[in-house]
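One-letter residues, chain by chain:
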Amino acid sequence: METPGSQSSLHRANLERVVRAVRLAGSLTQAEIARTTGLSAATVSNIVRELKDGGTVEVTPTSAGGRRARSVSLSGDAGIVIGVDFGHTHLRVAIGNLAHQVLAEESEPLDVDASSTQGFDRAEQLVTRLIEATGVDRSKIAGVGLGVPGPIDVESGTLGSTAILPGWTGTKPAEELRDRLGVPVHVDNDANLGALGEMVWGSGRGVRDLAYIKVASGVGAGLVIDGKIYRGPGGTAGEIGHITLDESGPVCRCGNRGCLETFAAARYVLPLLQSSHGTDLTMEGVVRLARDGDPGCRRVIADVGRHIGSGVANLCNLLNPSRVVLGGDLAEAGELVLGPIRESVGRYAIPSAARQLSVLPGALGGRAEVLGALALALSEMGDSTLLDGTAPAALKAATPAFT
């Protein structure tokens, strides 16, 4: 039996620290593990050797700063995780292993008016199809991350009011999918998962305080504070779309007037161009036309950017993030939208906060949320539980990571 302060308990704690560092980063050199964990180089070397002998990690030659080094990552055959992302008009599923490899990924259209039962039936079918296509063993599924376009109550797991998938309000998405797949399911809103995806593998890498702004059918933000997603006690943190810009402005779906969403979300922006560009226009089409020089589309995107920048300035004044990452179709507009965002931030934010802020487009595009769902599944896998031997045999020695 291990006792607090004993050599065995200290060794176990060190194992957990190394495994967790690798899991969160994806892959690290042994020198980076030592810096991250505070352990000595000799201790890290011994632990990595032990984990490698047990099949938990893989060690490959690499270079760092022009010098030879050894990169440590988790074993690719230790298990798999699944990411499921529900959007306004799509369902996307990805399967990844613990060595940061996407084994399969597929997206299909989703009727916005579909019931939650229909949606989860489709998700189950798509997950099953991808598992069969990859030939992975179902017993190796370590967990599922699930993204939905609406606020999730932290305590009950209930989906709050959402105009994106209106028939889903009041459901418990994690329970619904867990009952179908028979494995642990962890749920969060799509903006938080986009933030998580970009923080781990995209434009947010290397920073511990950032905001991921997703502009699509609605406007939301995923907030990262000190390296962790901030959800708030009720799960509604990051509803930047409902910052009031004009109290006499258009009525928002939330019941207030002049919310940021009424000046930036697709459902409000597209009608501005319908008389000149037709009713079949999408935000993707607006961005494409703007990049090709269409003056009306360029003007609308610039206006949207300035409005978003006003909301970002409020975030700067309150939270002082070091980076803002823009996601959704609008991010493809590049400087056509990023420039006006920066202009508004410079005008309305505290100067010191504005100077410290960088505004970048997302690097993952439409995959940010589903990769964030994979990251969520991995982050919820406790190191202690896996080291206890209570998980499947292949997972006894480590916790996973993903890129």
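Since the model is a prediction, treat every value here as computed from it, not as a measurement. (Residues numbered from 1 in each chain as written. Predicted model: local features only at pLDDT ≥ 70, side-chain atom pairs only at ≥ 80, totals over all residues. Heavy atoms only, no water.)

Caption draft 1: Quick look at the pairing of strand β2 (residues 57-64). Where β2 meets strand β3 (residues 67-74), eight bridges bridge the pair, whose relative direction is antiparallel. Within the sheet, the bridge partner assigned to Pro 61 lies in β3 and is Arg 70. Taking the residues between adjacent antiparallel strands as the criterion, β2 and β3 are bridged by two residues, where Gly 65 takes a positive phi near 65 degrees. (Pairing = 2+ DSSP bridges. Helix = DSSP H or I, 4+ residues; strand = E, 2+ residues; numbered from the N terminus.)

Caption draft 2: Examining the sheet that holds β3 more closely. One open sheet holds the three strands; their spatial order is β1-β3-β2, and the pairing between them is antiparallel. Among the strands making up the open sheet, the edge pair consists of β1 (27-29) and β2. Across the sheet, the mean angle separating the axes of adjacent strands is 30 degrees when strand polarity is ignored. On the sheet, helix α1 (residues 7-25) packs against β1 and β3 and is oriented at approximately 120 degrees with respect to β1. Packing against the sheet, helix α3 (residues 41-53) makes contact with β2 and β3, and its axis sits at approximately 135 degrees to β2. (Axes fitted to C-alpha atoms, helices over the stretch in contact; angles between N-to-C directions. Contact = heavy atoms within 4.5 Å.)

Caption draft 3: Summary view of the UniProt feature "domain: HTH marR-type" (unreviewed entry) in the chain. Here the UniProt-annotated "domain: HTH marR-type" (unreviewed entry) positions come out as residues 18-68. When the span residues 18-68 is considered, its composition is 57% helix and 25% strand, and the gap between its end C-alpha atoms is 21 Å. (UniProt positions renumbered as here; feature names shortened; annotations may be inferred.)

Caption draft 4: Quick look at a nonpolar patch on the surface. Where nonpolar side chains cluster on the molecular surface, the patch consists of Ile 225, Tyr 230, Leu 318 and Leu 319 and spans about 400 Å² of accessible area. The topology assignment puts Ile 225 in strand β10 (residues 219-225). Overall, the relative accessible area of 35% leaves Ile 225 in the partly exposed class. (Patch = residues over 30% accessible without salt bridge, like charges linked within 9 Å, V, L, I, M, F, W, Y side chains within 5 Å. Areas by Shrake-Rupley, 256 points an atom, 1.4 Å probe, with all protein chains shown as cover. Salt bridge = Lys/Arg side-chain N within 4 Å of Asp/Glu carboxyl O. Buried < 20%, exposed > 50% of the residue type's maximum accessible area, 1.4 Å probe, protein only.)

Caption draft 5: Molecular detail of the sheet that holds β10. A sheet is described by the order of its strands in space; here five strands give the open sequence β11-β10-β9-β12-β13, paired in mixed fashion. The two strands at the open ends of the sheet, each matched to only one other strand, are β11 (228-230) and β13 (358-361). Put simply, the sheet's adjacent strands are angled 25 degrees from each other on average, direction ignored. Contacts between helix α6 (residues 190-201) and the sheet are confined to β9 (210-215), β10, β11 and β12 (323-327), with β10 contributing the most and set at about 50 degrees to the helix. Its contacts with the sheet put helix α12 (residues 335-348) on β12 and β13, and the angle it makes with β13 is roughly 160 degrees.

Caption draft 6: The packing of helix α2 (residues 30-37) against α3, seen in detail. Direction vectors running N to C along α2 and α3 enclose 115 degrees, while the axes themselves pass 9 Å from each other. In the crossing of α2 with α3, the sense of the turn from one axis to the other is right-handed. Across the interface between the two elements, Gln 30, Ile 33, Ala 34 and Thr 37 from α2 touch Ala 41, Val 44, Ser 45 and Val 48 from α3. By residue class, the composition of the contact of α2 with α3 is five nonpolar, three polar and no charged. (Left-handed = near helix turned anticlockwise from the far one by under 90°. Nonpolar A, V, L, I, M, F, W, Y, C, P; charged D, E, K, R; others polar.)

Caption draft 7: The pattern of salt bridges, seen in detail. Within the structure shown, the criterion is met by 19 salt bridges. Between Arg 129 and Glu 108 there is a salt bridge; the shortest N-O distance is 3.3 Å. Here the residue Arg 129 occupies a position in helix α4 (residues 116-134), and Glu 108 occupies one in strand β6 (residues 102-109), the gap between them amounting to 21 residues. Owing to a relative accessible area of 38%, Arg 129 belongs among the partly exposed residues under this scheme. On the basis of relative accessible area, Glu 108 is assigned to the buried category, the value being 15%. Arg 347 is paired through a salt bridge with Glu 343; the nearest N and O atoms lie 3.5 Å apart.

Caption draft 8: How the structure looks around the environment of Leu 28. Tracing the backbone shows Leu 28 in strand β1. Linking Leu 28 and Val 18, residues ten residues apart in sequence, is a C-alpha distance of 9.9 Å.

Caption draft 9: Representation of the environment of Thr 169 in the model. Assignment of secondary structure puts Thr 169 in the loop between β7 (141-148) and α5 (173-181). In the structure, Thr 169 is positioned eleven residues away from Thr 158 in sequence and 8.0 Å away in space, judged by C-alpha atoms.

Caption draft 10: Spotlight on the pairing of strand β8 (residues 185-189). Taking burial as the measure, the five residues of β8 include four buried ones, the bulk of the element. Sheet topology note: the β7/β8 ladder contains five bridges and is parallel. Each residue of the ladder has a partner; that of Gly 147, found in β8, is Asp 188.

Caption draft 11: Seen up close, the packing of α4 against α5. α5 packs onto α4 with a crossing angle of 45 degrees between their chain directions and a minimal axis gap of 10 Å. Taken together, the axes of α4 and α5 are oblique relative to one another. The interaxial crossing formed by α4 with α5 has right-handed handedness. Between α4, through Thr 117, Phe 120, Asp 121, Ala 123, Glu 124 and Val 127, and α5, the contact on the second element is made entirely by Pro 173, Glu 176, Leu 177, Arg 180 and Leu 181. (Parallel < 35°, antiparallel > 145°, perpendicular 65-115°, else oblique.)

Caption draft 12: Quick peek at the nonpolar core. Core analysis: the largest hydrophobic core is formed by 45 residues, its most contacted members being Ile 33, Leu 51, Val 72, Val 81 and Leu 196. Here the element with the most residues in this core is helix α14 (residues 368-379); it accounts for nine residues. Within the second largest apolar cluster, 42 residues are counted, among which are Ala 266, Leu 270, Leu 326 and Leu 357. (Core = buried A, V, L, I, M, F, W, Y, C linked by side-chain atoms within 4.5 Å.)

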